[in-house]
Amino acid sequence: MPRYEVFDHTADLGILFEGRDLADLFESAAFAVFDLMTELPAVEERRTHRFVVTGGDREDLLVNFLRELLYLFNGRGFLVRRCAVRIGDAGAPETRSRPAPVAAGRGAVEAVSAGSAPVPPQWRLEAEAAGEPFAPDRHRMKTEIKAVTYHGLEIRETPAGWRGRIVCDV
Amino acid sequence: MSITLQKLDEHRWLIPQSGGMRVPGILYASERLLKEAGGQEGARQVANVAHLPGIVRHSLAMPDMHWGYGFPIGGVAAFDLDQGIVSPGGVGYDINCGCRLMATRLTAEDVRGRLADLVAALFRDVPSGVGSRGPVKLSAKEERKVLVEGSAWAVAQGYGAAGDLETTEDGGRMAGADPDAVSDRALERGRDQLGTLGSGNHFLEIEVVEEIFDPVAAAAFGLAPGQLCVMIHSGSRGLGYQVCDDYLARMVKHAGELGLKLPDRQLACAPLASGRGREYLAAMACAANYAWANRQMLMHRTRETFEKALGLSPRELGMRLVYDVCHNIAKMEEFPVEGRTVRLCVHRKGATRSFPPGHPALPAAYRPVGQPVLIPGDMGAGSYVLAGTEHAYAETFGSTCHGAGRVMSRTQATKASRGRAIGRELADRGIVVMAAGKGTLREEMPEAYKDLDEVVDVADRAGLSRKVARLRALGCIKG
């Protein structure tokens with residue numbers, strides 16, 4: 001089971017999470033977000049959403065990834081039980097120049113696509129999120145995480161694997 | 001880097017300019033509030049804001065200041081229109097989150113014994129909590145109208161009266177709104193949330209005027225002791241969040257182009273005089289208008305619920321809008337700077353406008369006494385009504401505090417409240433509370449917030465706004 005813990009931030013919610021490798025770290029973050037929002041055992045894996053995000057660095061990639069996951073819930077009413085992640089190699093030229101698929105919405109496109117951006121994103125991630133539509137009668141909401149922020153954002157490699165830190169708006 | 005505060009006087013603390021700071025910082029706080037302001041983290045955020053280009057005079061923090069992300073909560077900063085920037089994180093996710101106070105012809109006596117029924121009726125009729133939907137599903141065309149017209153759209157649909165617009169900040173409509181600047185995702189999220197309260201710290205509270213400090217101003221605002229009032233705290237819902245997030249992502253992505261070294265990525269910004277800056281302002285105005293339409297509809301639903309639950313005619317109830325203020329916003333306003341009147345872009349993140357007597361932006365009835373400033377407290381603490389001052393206009397770009405401000409994190413509050421029945425404790429004090437979210441009552445427990453009286457006293461003594469009336473809570477619904 002992926003590991004995380006919350007830390008105190010006066011107005012909001014801070015999450016510390018760990019992973020064996022970078023992809024595992026991102027999966028821990030995804031688990032933490034939905035585990036904090038709802039009672040996950042009640043969420044079934046009925047459907048999957050696939051998406052691709054890019055980012056200027058690891059931290060940016062993490063924020064853009066969690067943004068997409070939150071949008072699945074906040075915008076589409078979809079609760080994620082499990083999310084599998086593949087992260088492209090930082091230096092590989094094909095992952096650098098490959099444009100990301102276009103997601104819904106103008107603002108969102110800007111946020112996630114490589115396209116003709118002046119600074120090409122260095123990082124690319126493919127995700128497969130499994131879960132089901134939110135049903136108020138079956139899914140108890142705990143804390144609504146409304147957004148992820150860049151404040152105090154951190155990803156670092158440790159002797160045991162990877163550690164991350166993020167502050168969410170609730 | 002540790003930050004040293006220099007005491008200027010009883011209520012002001014200076015953060016001297018150092019490193020990349022372009023101006024000094026000033027915190028408005030008592031010794032006690034300073035201890036509760038997030039320690040180094042809060043002060044560092046005030047210093048961080050001072051790094052932004054085009055900031056004028058000072059980076060400011062109001063008495064309810066606490067640790068946020070990017071800007072502190074309670075942060076105020078004004079920017080030069082040519083050299084300055086606009087920062088989506090400096091406005092916040094919930095664009096035009098704000099408060100609205102309604103007065104009635106009733107007294108607390110009139111609802112004695114019927115309070116629980118009234119709160120239950122409000123809880124049933126006013127949509128609140130995660131995933132709640134409003135009374136209308138907007139067509140794409142109608143939604144664009146909401147984004148441009150704000151409160152006026154709601155009034156035209158029959159939600160309230162034209163007079164409500166006069167007593168709303170900026171008439172409930174921000175100019176320059178362009179729905180084309182709003183993403184499809186934001187539009188989609190906004191389609192069915194109009195007229196919903198939301199979750200977290202948003203609420204609707206039945207209150208009674210308990211004490212009057214300034215009889216002249218209270219009379220101008222139409223407030224008298226014993227009078228029954230309603231306070232609403234809500235914002236632009238998912239639409240505002242999406243607008244902030246979309247533009248934050250965009251500005252982080254292009255941050256390199258500005259050649260700025262920012263101490264926190266959450267401060268990402270764009271020059272006010274750039275296409276990206278203007279586009280954000282056009283989208284932000286849409287979200288601000290959505291929030292005003294939202295609070296207008298919430299007020300209308302509240303009025304109907306009161307009439308039905310108490311069996312009163314609209315005339316007997318006489319529910320009237322005292323004022324509506326926003327507290328997460330960036331606005332173009334004029335202020336005196338070094339002897340000249342200058343137009344600036346003022347960011348208020350968790351801060352309330354506090355315009356002085358005589359200001360042309362005020363409705364005629366309030367002009368002699370100053371703008372009503374609405375300060376809600378924590379659950380069960382009630383609220384204050386204050387009036388704007390000349391001093392705030394001169395010193396803080398016409399700004400004051402916006403609430404009690406958190407002192408405990410939500411996790412701390414949940415832990416501290418273990419084994420306690422918060423709802424029952426409030427009931428024992430005569431306050432009826434209903435909440436949609438399971439953890440909301442514990443996260444929002446009274447001890448999680450600073451002492452409202454202390455915050456307001458500091459705002460009053462520091463001259464940022466002056467006390468007019470205190471209201472006591474009777475019943476509350478939370479998201």
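Look above for the structure.
Residues numbered from 1 in each chain as written. Chains lettered and ligands numbered in written order. Predicted model: local features only at pLDDT ≥ 70, side-chain atom pairs only at ≥ 80, totals over all residues. Heavy atoms only, no water.

**A look at the overall build of chain B**
So, point 1. Across its full length, chain B carries 17 helices and 19 strands.
So, point 2. Since a compact globule built from 479 residues should have a radius of gyration of about 23 Å, the 21 Å found for chain B is in line with a globular shape.
So, point 3. Expressed along its principal axes, the backbone C-alpha trace of chain B runs to roughly 65 × 50 × 50 Å.
So, point 4. Taking all 479 residues of chain B together, 64% fall into the buried category.
So, point 5. For chain B, the share of sequence-separated contacts (at least 6 apart) that also reach a separation of at least 24 residues comes to 78%.
So, point 6. Put simply, chain B shows about 15,800 Å² of open surface, and 50% of that area lies on carbon and sulfur atoms. (Helix = DSSP H or I, 4+ residues; strand = E, 2+ residues; numbered from the N terminus. Rg over C-alpha atoms; globule rule 2.2 N^0.38 Å. Buried < 20%, exposed > 50% of the residue type's maximum accessible area, 1.4 Å probe, protein only. Contact = heavy atoms within 4.5 Å. Areas by Shrake-Rupley, 256 points an atom, 1.4 Å probe, with all protein chains shown as cover.)

**Some thoughts on the pattern of salt bridges**
So, point 1. Throughout the structure, instances matching the rule amount to 50 salt bridges over all chains.
So, point 2. Residue A:Arg3 pairs with A:Glu18 through a salt bridge whose shortest N-O separation is 3.8 Å. One end of the pair, A:Arg3, is in strand β1 (residues 3-8); the other, A:Glu18, is in strand β2 (residues 13-19), with 15 residues separating them in the sequence.
So, point 3. Overall, A:Arg3 belongs to the partly exposed group, its relative accessible area being 39%.
So, point 4. Accessibility expressed as a relative area gives 27% for A:Glu18, which makes it partly exposed.
So, point 5. For B:Asp164, the salt bridge is made with B:Arg303, and the minimal N-O distance between the two is 3.8 Å. Residue B:Asp164 is located in helix α7 (residues 163-166), and its partner B:Arg303 is located in helix α11 (residues 275-310); the two are separated by 139 residues in the primary sequence. (Salt bridge = Lys/Arg side-chain N within 4 Å of Asp/Glu carboxyl O.)

**A closer look at the packing of aromatic side chains**
All names here are of chain B.
So, point 1. Under the criterion given, the structure shown has 14 aromatic pairs over all chains.
So, point 2. Between Phe-221 and Tyr-366, the aromatic rings sit 5.0 Å apart at their centres with planes inclined by 80°, giving edge-to-face as the arrangement. Taken as a pair, Phe-221 in helix α9 (residues 215-221) and Tyr-366 in the loop between β14 (352-353) and β15 (372-376) lie far apart in primary sequence, 145 residues in all. Just as Phe-221 is buried, Tyr-366 falls in that class too.
So, point 3. Judged by centre distance (6.1 Å) and plane angle (65°), the ring pair of Tyr-323 and Tyr-366 falls under edge-to-face. One end of the pair, Tyr-323, is in strand β11 (residues 320-326); the other, Tyr-366, is in the loop between β14 and β15, and 43 residues separate them in sequence.
So, point 4. Site record: aromatic cluster; members linked through ring pairs are Phe-335, Phe-355, Tyr-393 and Phe-397.
So, point 5. One Lys or Arg, Arg-250, reaches over the ring of Tyr-247 and ends 4.5 Å from the middle of that ring.
So, point 6. Sitting above the plane of the Phe-213 ring, Lys-467 keeps its charged end 4.5 Å from the centroid. (Phe/Tyr/Trp six-rings, centres within 6.5 Å; stacked < 30°, edge-to-face > 60°. Lys NZ or Arg CZ within 6 Å of the ring centre and 35° of its normal.)

**A few points about the layout of surface pockets**
So, point 1. Roughly 550 Å³ of volume is contained in the largest pocket.
So, point 2. Lining the largest pocket we find 26 residues, and of these A:Phe73, A:Asn74, B:Gly131, B:Arg133 and B:Gln193 sit closest to its centre.
So, point 3. Those elements that provide at least two residues to the lining of the largest pocket are α2 (58-74) of chain A together with α8 (184-190) and α10 (237-253) of chain B.
So, point 4. Counting residues per element, the lining of the largest pocket draws most heavily on α10(B), at three residues.
So, point 5. When grouped by side-chain class, the residues that make up the lining of the largest pocket number five nonpolar, ten polar and eleven charged. (1 Å grid on protein atoms, 1.4 Å probe; cavity = no way out; pocket = protein on both sides within 12 Å on 5 of 7 lines; lining within 4 Å. Points joined across faces, edges and corners; volume = space filled by probe spheres on them. Nonpolar A, V, L, I, M, F, W, Y, C, P; charged D, E, K, R; others polar.)

**Some thoughts on the interface of chain B and chain A**
So, point 1. Chain B puts 42 residues into the contact, and the matching count from chain A is 42 residues.
So, point 2. Carbon and sulfur atoms make up 51% of the area that chain B and chain A hide from each other, which totals about 3,900 Å².
So, point 3. Area buried by chain B at its contact with chain A is led by B:Trp67, B:Arg185 and B:Lys253, which between them contribute 19% of it.
So, point 4. One can count four salt bridges joining chain B with chain A.
So, point 5. Between A:Arg76 and B:Glu188 there is a salt bridge; the shortest N-O distance is 3.4 Å.
So, point 6. Looking at the side of chain B that touches chain A, the elements that each hand over two or more residues are β4 (59-69), α8, α10 and α14 (410-416) of chain B.
So, point 7. Of the residues forming the side of chain B that touches chain A, the biggest block, nine residues, is contributed by α10(B).
So, point 8. Considered class by class, the residues forming the side of chain B that touches chain A number 13 nonpolar, 13 polar and 16 charged. (Buried area = accessible area lost by both parts, 1.4 Å probe.)

**Description of the environment of B:Leu115**
Residues and elements named next belong to chain B.
So, point 1. By the element assignment, Leu-115 lies in helix α4 (residues 115-125).
So, point 2. On a C-alpha basis, the gap between Leu-115 and Leu-310 in space is 9.9 Å, while along the polypeptide they are 195 residues apart.
So, point 3. Contact partners of Leu-115, with chain neighbours within four places excluded, come to Ile-206, Gly-430, Val-432 and Leu-474.

**A look at the sheet that holds strand β5 (residues 71-80) of chain B**
Strand pairing in a sheet relies on backbone hydrogen bonds, with the paired strands running either antiparallel or parallel.
All names here are of chain B.
So, point 1. Read from one edge of the open sheet, seven strands run β1-β2-β3-β4-β5-β13-β12, paired in mixed fashion. The open sheet has two edge strands, β1 (6-9) and β12 (328-337), and neither has a second partner. Averaged over all pairs of adjacent strands, the angle between their axes in this sheet comes to 45°, without regard to strand direction.
So, point 2. Both β1 and strand β2 (residues 12-15) contribute to a ladder of three bridges, which runs antiparallel. Following the sheet pairing, Asp-9 is matched in β2 by Arg-12. (Pairing = 2+ DSSP bridges. Axes fitted to C-alpha atoms, helices over the stretch in contact; angles between N-to-C directions.)

**Brief notes about the sheet that holds strand β5 (residues 123-133) of chain A**
Residue and element names in this part refer to chain A.
So, point 1. Strand order in the open sheet formed by three strands is β3-β5-β4, with antiparallel pairing between adjacent strands. Either end of the sheet is taken by a strand with one partner, and the two such strands are β3 (47-55) and β4 (78-87). Taking the axes of each pair of neighbouring strands and ignoring which way they run, one obtains an average angle of 25° across the sheet.
So, point 2. In this fold α2 packs onto β3, β4 and β5, with an angle of close to 150° to the strand it touches most, β3.

**Examining the state of the cysteines**
Put plainly, a disulfide is one covalent bond tying together the sulfur atoms of two cysteines.
Residue and element names in this part refer to chain B.
So, point 1. Scanning the model with the defined rule gives zero disulfides over all chains in all.
So, point 2. The thiol of Cys-99 is unpaired, and the distance to the nearest cysteine sulfur, on Cys-97, comes to 7.2 Å.
So, point 3. Residue class for Cys-99 comes out buried when judged on its relative accessible area of 0%.
So, point 4. The cysteine Cys-229 is free of any disulfide, with Cys-99 supplying the nearest cysteine sulfur at 13 Å.
So, point 5. Among the residues examined, Cys-229 registers a relative accessible area of 1% and is labelled buried. (Disulfide = S-S within 2.5 Å.)

**A few points about helix α5 (residues 140-149) of chain B**
All names here are of chain B.
So, point 1. For α5, every residue scored as buried is listed here: Glu-143, Val-146 and Leu-147. End-on, the buried residues of α5 take up no more than an arc of 95°, which puts them together on one face.
So, point 2. Residues of α5 that are buried make contact with α6 (151-156), α8, α10 and α11.
So, point 3. Phi for Gly-150, located one or two positions after α5, is positive at around 65°. (Arc of directions from axis to C-beta.)

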